[in-house]
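Observations on the three-dimensional arrangement
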Amino acid sequence: MIELPVLDDSPETGESPRNRFWRSISHLKGTDEYSRISAGEFIPGASEGPIASDATSGATRRQFIQLMGASMAMAGLTACRKPVEKIIPFTRMPEDTIPGVPVQFATAMPFRGALRPVLVESYDGRPTKIEGNPEHADSHGATSIYEQASILALYDPDRLGSVRTDSDVSDWNAFKAFVAGLPTSSRIVVLAEPTSSMTMAVVRRQMEQRFSTVRWVDYSAATCNHSALGVQAAYGRAWRTTHDVSAANVILSLDADLFGANGSDPIGAARGFAEGRDMEATGSMSRLYVVESDYSLTGGMADNRLRMKSGEIASFAAAVASAVGAWSGDAGVHASHPWVAEVAADLRRAGSTALVVAGDNQPAGVHALAAAINDRLGAVGTTVSYLSLEDSANDFEADMQAALADMNAGDVDVVLTLGVNPVYDLPGFSDAYANATHRVHVSLYDDETAGSATWTVPQTHYLEAWGDGTSKSGVMSVVQPLIAPLYADAHSDIEVIGLFATGTEMFGYDMVRATWRQQLSGTFETSWRKVVHDGFLDGSGASTARTSLSSTGVNAAVSGLGLAAVSGTEIVISADTKVFDGRFANNAWLQELPEPTTKVVWENVAKMNPSTAERLGVGSKLDGGRYLTDTVEIEVGQYRVELPVWIQPGMADDSVHVTLGYGRNIVSEREERSTNIFDLDDYTDVYGKGAVSTGVGSNVAPLASEGRIVTGSISKKASGYLVASTQDHGAIDAEHVSEQVQKRGLFRMATVDEYRANPDFVAGGEPAPLKEDWEDYPTLWQANHPKESDVMTNSNYFENQWGMVIDLNTCTGCNACVMACQAENNIQVVGKSEVARGREMHWLRMDRYFVSGDGATLEDPQMVIQPMPCQHCENAPCEQVCPVAATVHSPDGTNQMIYNRCIGTRYCANNCPYKVRRFNFFNWTKTLPGTVHMAQNPNVTVRSRGVMEKCSFCIQRIRGANKVANVENRSLRDGEVVTACQQVCPANAITFGDLANPESSVSQKRTSDRRYELLAELNIKPRVSYLGRLRNPNPNLA
Amino acid sequence: MNTASKDKTLASLADFHDEAPLVTGNLKFHDITELVSSHTEKKTPLAWYGAFSLALVGLMLLLIMIAYLFWNGTGVWGLNNPVGWGYAIVNFVFWVGIGHAGTLISAILFLFRQQWRTAINRSAEAMTIFAVICALVFPTIHVGRVWAIYWTLPLPNQMGMWPQFKSPLLWDVFAVSTYFTVSLVFWYVGLVPDIATLRDRATTKLRRMVTGVLAMGWTGANRHWRNYEKAYLLLAALATPLVLSVHSVVSFDFAVSVVPGWHTTIFPPYFVAGAIFSGFAMVVTLLVIARKIYGVENIITVDHLEKMNIVILLTGTMVGFAYITEFFVAWYSGVQYEQYAFTNRMFGPYAWAYWTMMSCNLFFPQFFWFKKLRRNITFMFIISIFVNIGMWFERFVITVTSLHRDYLPSSWDYYTPTFVDVLTFVGTFGLFFTFFLLFLRFLPIVAVSEVKGVMPEADPHFYDHEGDGHDAAHAVNVNAGQKQ
């Protein structure tokens, strides 16, 4: 042990030659009495060295700091629940740690039965921002919206803070005593989501051994495991399916939203798709066929899109399977659909580079058909891989029915719901639930199930607890906590199951390490540290399974499919693209995120196309810029749900789509804010009226009790319901808008053939009155530009000129950048009524346009999405009109907002042609709960009321890199500055960098012949360029 | 005064004057003084208290709305992301526009020797000042951080931070504040001889002291008159370019931007014409009432009102011409955004506002081509109200319809005012009438000395054949010739 020097003022041996200050006579004289008192005067331990008998052999300063540094490093690694003693307050600063400079830790977010690898940025022990793990093959640094938003869930002020028994506040010790006291003869039902955690598997086995009857139900009400069931039917076992979209030349999506955040692997799909669309590099492009009833993001990216009722897609799949020889039989209603022959021919031509994917909502039979087609075409091994990992392929319905039967019969003593919420999303559960003697619920919130549980245990957020698991591709990871649980009672799933398994408290850290001792070779500590540091175990991916298709299995699965036409209106229920199954419902960022295709916020709606709405006699109208819609009552079986109507062009006729996850009823411990009539604080605060999600939308889970695609009756209920949408505030007439978008050259696209014939097609899209050539105007770094003044050029920053290129060809519109921008830049939420008034704050918005004409009709338009950040114009119109110079140009070519200086005339916003400026109409931050403030980025100013704000090109990141480069006395390297939106983009659609450097990737991208600038004829010289979109439609299909 | 042949009536002098007499009713100098001054000296009528209470209620409403705004933020208004300017800026331009008539009447008509101005210039100038005060309320309160509004002034500070001189909003600050200052000084200078008259007539001590201070020692000496007239002429010359500049600068707020529908070179003259148009309409509205109540129909005659109506007809037609020119230019320029903006005005979501503006501003004033109609008090009152409404809508159309649909259709939205917007506007009328009623009560509403100056008696040769020019005191019924 290293001795620490004693940190006290023990009597000196030599008198100071200079004036001596003394506190008392006894101090001056150095009496024994004084020594005794002064030695004990300060905090215990501070005045005594570790080895008091040998005070002279204290540690050197270097040793001391080494110890401190090591302690700090270990604190970071192991700082969960137990090793609290090793945490040292920041007053003793460890070496290499600079307050205010963030540290990144690798961890992973469990979602849909797999881990999503992430890096978490932590400021002085406070996690603030989540990025993808760039070294992990499943992420490459990208994430979906859920990882981005999960940081806010950590700080959710509505989280459950203490153990509850019935509705009384209890504590963890009481719960421990309860579990320890359970007789081993207890009959237990566990409802838990499928998980990839190895530690969970271990403790689950232990628990099953300890208690006589444990029925474990893989609770997949929301994630529905149709895919696994389909694979099981086709191959005998539920091998985990992964797709390599980049290798695919022809892709057929059967109702699958590949790029939607609620899909199983949107990141990999978007990245792979982008690679397959790189026309410039490869000279060819993949082709995407989408057959779907909804209008999804994937449908928007499709080269050929077919609207078809979800219930009839099985028939289409069977017809295609039949045409490629993967299955034989009567394909039913769409057996001779004109598309079948074309798609099948294209798939056959592609052979092993074809890929057929079926959607989550489609029954297992369709997944089996997709597997059969892929197998028949030889795609297994190229575009489709089956990993030797088995997904849960239990028939959830059957398992659950059995469990409910037991519960109803009174044969269940304990029901343990682990992070799931069956009272909310499983109709008919409540009655059975009440029959169980003990109802233990582990949850982040005091939610619906907690309302009828006997014990409710707060669950830890994944950033608070140790865990492990595998990613989608089977790479093993350790889930590392970044912060001690915000609520002392909160425990992780494995800790709760561990408690049940042993009857004594188990610590996640110990459990995970115990599991990993079996996994790691070599010295355990070394390997463990590396895994924790990297965020994954290198080289641990799952191997490919040896598969052989069972045609009888496929036939059996298909025989269960309905291949006839669906009569009447079908109702399709799917997980929401924002709040998923409701688990993210209390996340204000996600609630306010515009739904990618409808742009609706804070609501779930019944989507239908115009002709369906007309047939049902429902509609919507614009009243003063606000959407007032009719509501419909949807009746399926015994369940009825009332939802507002949303009319979405391009959906299948007679198909109504609803999403899960709304209508939550979470109880918050926070007091409702109520202010006097003169004060609007309660109105401006989304946290002001109980839990964020309570009262938002309606719960449609009961409708899904008989499947995801059902029929039922729909009738008009009421009128005048306000739906908030971030787009179309004032323009409902899609055709009118579409014509203006075309005329103004906002979104330019061409087919591959047109592009080959005329690579400069974007120039043809330039709006008519462009008098002078864009190139006639010198850019900032060229001579004679008015901005080349001494003030600018003498600045150190002048060396870099920042610019951005956004590739519309690969952008899927998944919203990850919007969410990342919100997390990075402390963008506040404003709530439904303020969004309805057009006051949303997102700095980066996704403009969605429908395109009719050019083969597309109003009933069946194309959908395009265009990201719109601040364009950082060189001749910025906003800068010239500000009376107080609060928005100015930086020497490195960005348009900056000086919040301190802004007085809020809003003239800049009026004069911005792109309307990307956002005004703080109220003080959105003033009333935020304290924990929400903790999620904010300390490097970005929180804006006050009355100031303008907008995209800054993540100036805090630029300046951070500037600082590092300056210290190291060098120029910035290309790629050193990464904006939040760029970093998160799975498709790499956003390139940011230095335009002054001709070698930089952004300069290279700007040489593309697809490049154009928006509203270039205004001569405002935007620094953001767009690359025109290319489509590769099958010429034989209109 | 006994025989008809020796009778020196105004009618008999008609031959010597090209114009119809400016003052009717056979009034003498003293009658004029008496007529105007007596209103400031008599016991306050009950009706005034009633009107003033109503105005104060409006003023309180304004103050409450402003307090509510300051307490909560700009969000209490109906503004949104594309429409960053709404009622506040519309009202600002509306009030500044109204504030144009007074100085135009005082300064420009003075320089052009339009003697009929004397009857109305005082009240028109007062109206100008009060309108500009109402106007100044809005740019002050419309900023998001009102506590930092002084940053728009070029105040030396330790940061060496100046306002941004390229911004039209800053030009506004200078233009409107200069205009206000000069108008106020001009009005006050014109008031000095009349206040001296009030001082001389004062019967109470307080009245004598207040008017004594305000009259600044005016004795009516020849030297005073000489200096006064020189100063008045210089101020008129100074105010004249300001009349044209202030609304030109206000129009730059729009014209300098890139917003389609704002970015128009026609704006400065079009705004000035519109301002005179609305200002004259407001003067007509106010004077039709005031002359009746104050019984000064012989001083502010139908001839005066008719002349103003002719100006309204002229400027209204100019404004209408500008509307049509805008459309022509939008078409001729070939700029699609411009074309869209103007088509959208006519047929878009705000078509109702556009057609209100067109009918009120272009169509209704055309009735003034008919002499009978433009001399009809009731009719002109109705038209002047229409013009006031139309000119408010003109600013609304320009501000809001241009912003609500500009370049990118994704951000298009619709602007709806809130109750705070509406009540703040209503409240400014309270502010205006509070000032105006105080003016009516305590100051001479007609420029007594100037009216005397344009009466035939002011002609030095008027009394030539009466010897010393000091006529015997004559008894005139003050109310002679007036309708009772």
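Residues numbered from 1 in each chain as written. Chains lettered and ligands numbered in written order. Predicted model: local features only at pLDDT ≥ 70, side-chain atom pairs only at ≥ 80, totals over all residues.

**Looking at the sheet that holds strand S12 (residues 354-358) of chain A**
Within a beta sheet, neighbouring strands are joined by backbone hydrogen bonds and run either parallel or antiparallel to one another. Residues and elements named next belong to chain A. Spatial strand order, S11-S10-S9-S12: 4 strands in an open sheet with parallel pairing. The strands lining the two open edges of the sheet, one partner per strand, are strand S11 (304-307) and S12. Averaged over all pairs of adjacent strands, the angle between strand axes in this sheet comes to 10 degrees, irrespective of strand direction. Sheet topology places strand S9 (residues 250-254) next to S12; 5 bridges connect them, and they run parallel. (Pairing = 2+ DSSP bridges. Helix = DSSP H or I, 4+ residues; strand = E, 2+ residues; numbered from the N terminus. Axes fitted to C-alpha atoms, helices over the stretch in contact; angles between N-to-C directions.)

**Topic: the interface of chain B and chain A**
With 48 residues of chain B at the contact, the number on the chain A side is 51 residues. Mapped by element, the contributors of at least two residues to the side of chain B that touches chain A are helix H3 (46-72), helix H7 (168-201), helix H12 (336-347) and helix H15 (377-404) of chain B. Of the residues contributing to the side of chain B that touches chain A, the split by class is 25 nonpolar, 18 polar and 5 charged. (Contact = placed C-beta atoms within 7 Å. Nonpolar A, V, L, I, M, F, W, Y, C, P; charged D, E, K, R; others polar.)

**Considering the domain arrangement of chain A**
When cut into domains, chain A gives domain 1 (164-223 + 394-534), domain 2 (226-390), domain 3 (567-725) and domain 4 (734-1031). Each of domain 1 of chain A and domain 4 of chain A has a C-alpha centre, and the two are 45 Å apart. (Domains from an automatic or database assignment.)

**What to know about the packing of H3 of chain B against helix H16 (residues 419-442) of chain B**
Residue and element names in this part refer to chain B. Relative to each other, H3 and H16 sit at 140 degrees, their axes nearing to 7 Å. Here H16 runs oblique to H3, going by the angle between their axes. In the packing of H3 onto H16, the handedness of the crossing is left-handed. The residue makeup of the contact of H3 with H16, split by class, is 19 nonpolar, 6 polar and 1 charged. (Parallel < 35°, antiparallel > 145°, perpendicular 65-115°, else oblique. Left-handed = near helix turned anticlockwise from the far one by under 90°.)

**Details of the sheet that holds strand S3 (residues 126-132) of chain A**
Residues and elements named next belong to chain A. Pairing in this open sheet of 3 strands is antiparallel, and the strands run S1-S2-S3 from one edge to the other. Taken across any chain shown, the strands that pair with only one partner, and hence form the sheet edges, are strand S1 (103-111) and S3. Strand-to-strand, the axes of this sheet are offset by a mean angle of 40 degrees, without reference to chain direction. Note: S1 against strand S2 (residues 114-123), 9 bridges, orientation antiparallel.

**A look at the pairing of strand S23 (residues 626-636) of chain A**
Residue and element names in this part refer to chain A. Counting buried positions over the 11 residues of S23 gives 8, a clear majority of the element. Across 4 bridges, the pairing between strand S22 (residues 620-623) and S23 is antiparallel. Bridge pairing in S23 links Leu622 to Tyr627. Here 8 bridges tie S23 to strand S27 (residues 713-725), and the two strands are oriented antiparallel to one another. Its bridge partner lying in S27, Glu633 is registered against Ser715. As paired elements, S23 and strand S24 (residues 639-647) share 6 bridges and run antiparallel to each other. Among the inter-strand pairings, Glu633 is bridged to a residue of S24, identified as Glu642. (Buried ≥ 20, exposed ≤ 12 C-beta atoms within 10 Å, placed from the backbone.)

**Considerations on unusual backbone geometry**
Residues and elements named next belong to chain A. For Arg112, which is not glycine, the phi dihedral falls at a positive 55 degrees. Within the secondary structure layout, Arg112 lies in the loop between S1 and S2. Look at Arg906: it is not a glycine, yet its phi comes out positive at around 65 degrees. Here Arg906 lies in the loop between strand S33 (895-897) and helix H32 (907-910). Overall, Arg906 belongs to the buried group, with 27 C-beta atoms counted inside 10 Å.

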